[in-house]
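# A structural walkthrough
Below, each chain spelled out in residue letters.
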Amino acid sequence: MSVILDISGLTIAHGDSFKVVVHTLMLQVGDAICVTGDSGCGKSSLLDVLALMAPPATVDRFALSLSDGDPPTELQSQLTPTRLHETAVLRTHAIGYAPQAGGMLPFLTARADIASALSLGCKVDPQWQDRQQRFAQRLNMAEDLDKTRSALSGGQRKRVSLLRALGIPRRLLVLDEPTAGLDKATAVEALRLLRETADKEQSACVIASHDDRLAANAGFEVVPLLDLSARHWQHRNAPKALS
């Protein structure tokens, strides 16, 4: 099975009081993991690094495969505060990211907000519009895509961020608290959509969530952040080697 993300020697630190260490992390095609843990333990910090939105303190290897059969792109030399911007185009094409806060722009409609993120580095394709409409219907947002942020509830804004991350096929989906603010039925459907997308489009999906039971029922492997930090971690379909 193809490896999408291969990381070793990753350290995330904020000052002297906060540190997350991941010795190795390997994600393969079709993987879907849900990282859990107490608030403030570092889940969001980890996801920001995986999504190339923030640099780690240190990393020995950070390799992202852009397509099956091609050698991975090694990015560790670019994951510094002064060079992270060099990954922007790659990030737009390869990684679908939904931050915990949503990130919807106040002056755009939901439809335009989703499209703006796609047009930054990607050629517009009519089939993507069909895809967005199809996914919006599954998340009960199809009738609200022409509303601006002020006319949307917190849960609707969250769904806009999910649709933005899912707007085009990508190798890696990284979503922070994707079910926060959603009613249970919509949360279940959102998790199913993420899991199905990873399966069908040969991608991998990583989420952070407190809804671990819903995630497990949707087919995600639930991994506490402390376990992820304490061992050489691979998906359950591959052998695990304890540190």
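Described in the following lines is the structure provided in the data block. Quick caveat, the model's predicted, so the values are computed rather than measured.

### Some words on the environment of T80
Considering the arrangement of structural elements, one finds T80 in the loop between β5 (73-74) and α2 (88-94). A residue is classified by how much of its surface remains accessible, and T80, at 26% relative accessible area, is partly exposed. Separated by 25 residues in sequence, T80 and P55 place their C-alpha atoms 5.3 Å apart.

### As for the sheet that holds strand β9 (residues 221-224)
Each strand in a sheet pairs with its neighbour through backbone hydrogen bonds, running either in the same direction (parallel) or in the opposite one (antiparallel). The five strands are arranged β6-β7-β8-β3-β9 in an open sheet whose pairing can be described as parallel. Looking at strand neighbours, the two that pair on one side only are β6 (95-98) and β9, the edges of this open sheet. Taken pair by pair, the neighbouring strands of this sheet meet at an average axis angle of 15 degrees, ignoring direction. Relative to β9, strand β3 (residues 32-36) runs parallel, the two being bridged by four bridges. Residue C34 lies in a different strand from β9, and its bridge partner there is V222. Taken strand by strand, helix α5 (residues 154-165) contacts β6 and β7 (172-176), and its axis lies near 175 degrees from that of β6.

### Quick notes on the pattern of salt bridges
Applying the stated rule across the entire model yields eleven salt bridges. Among the ionic pairs, E74 bridges to R61, the shortest N-O distance being 2.6 Å. One end of the pair, E74, is in strand β5; the other, R61, is in strand β4 (residues 61-64), and 13 residues separate them in sequence. Looking at E74, the relative accessible area reads 42%, which means it is partly exposed. Across the pair D68 and R171 runs a salt bridge whose closest N-O atoms are separated by 3.2 Å. Residue D68 is found in the loop between β4 and β5, and its partner R171 is found in the loop between α5 and β7; the two are separated by 103 residues along the sequence. Given a relative accessible area of 8%, R171 falls into the buried group. Within this structure, D6, R61 and E74 form a network of salt bridges that share partners.

### A word on the side chain of T197
Along the chain, T197 falls in helix α6 (residues 184-200). You can call T197 buried: its relative accessible area is 5%. Contact partners of T197, with chain neighbours within four places excluded, come to R131, F135, L166, L173, Q202 and S203.

### Comments concerning the environment of N140
Structurally, N140 can be placed in the loop between α4 (126-138) and α5. You can call N140 exposed: its relative accessible area is 51%. N140 sits 19 residues away from R159 along the chain, and the two C-alpha atoms are 8.8 Å apart. Among all residues touching N140, those that are not within four sequence positions of it are R159 and T186.

### Let's talk about α6
Here α6 is 17 residues long and its end C-alpha atoms lie 24 Å apart, about the 24 Å a rise of 1.5 Å per residue gives. Where α6 is buried, its residues meet β3, α4, α5, β7, β8 (204-208) and α7 (212-217). Among the residues of α6, the N-terminal cap falls to D183, whose side-chain oxygen and the backbone nitrogen of A185 are separated by 3.2 Å. Following α6 by one or two positions, Q202 has its phi on the positive side, about 55 degrees.

The rules behind the values
- Residues numbered from 1 in each chain as written.
- Predicted model: local features only at pLDDT ≥ 70, side-chain atom pairs only at ≥ 80, totals over all residues.
- Heavy atoms only, no water.
- Helix = DSSP H or I, 4+ residues; strand = E, 2+ residues; numbered from the N terminus.
- Buried < 20%, exposed > 50% of the residue type's maximum accessible area, 1.4 Å probe, protein only.
- Pairing = 2+ DSSP bridges.
- Axes fitted to C-alpha atoms, helices over the stretch in contact; angles between N-to-C directions.
- Contact = heavy atoms within 4.5 Å.
- Salt bridge = Lys/Arg side-chain N within 4 Å of Asp/Glu carboxyl O.
- Expected span 1.5 Å × (residues − 1).
- Polar contact = N/O pair within 3.5 Å; in protein donor to acceptor, adjacent residues only side chain to side chain.

Read these as layout, nothing more, since geometry by itself doesn't imply function.
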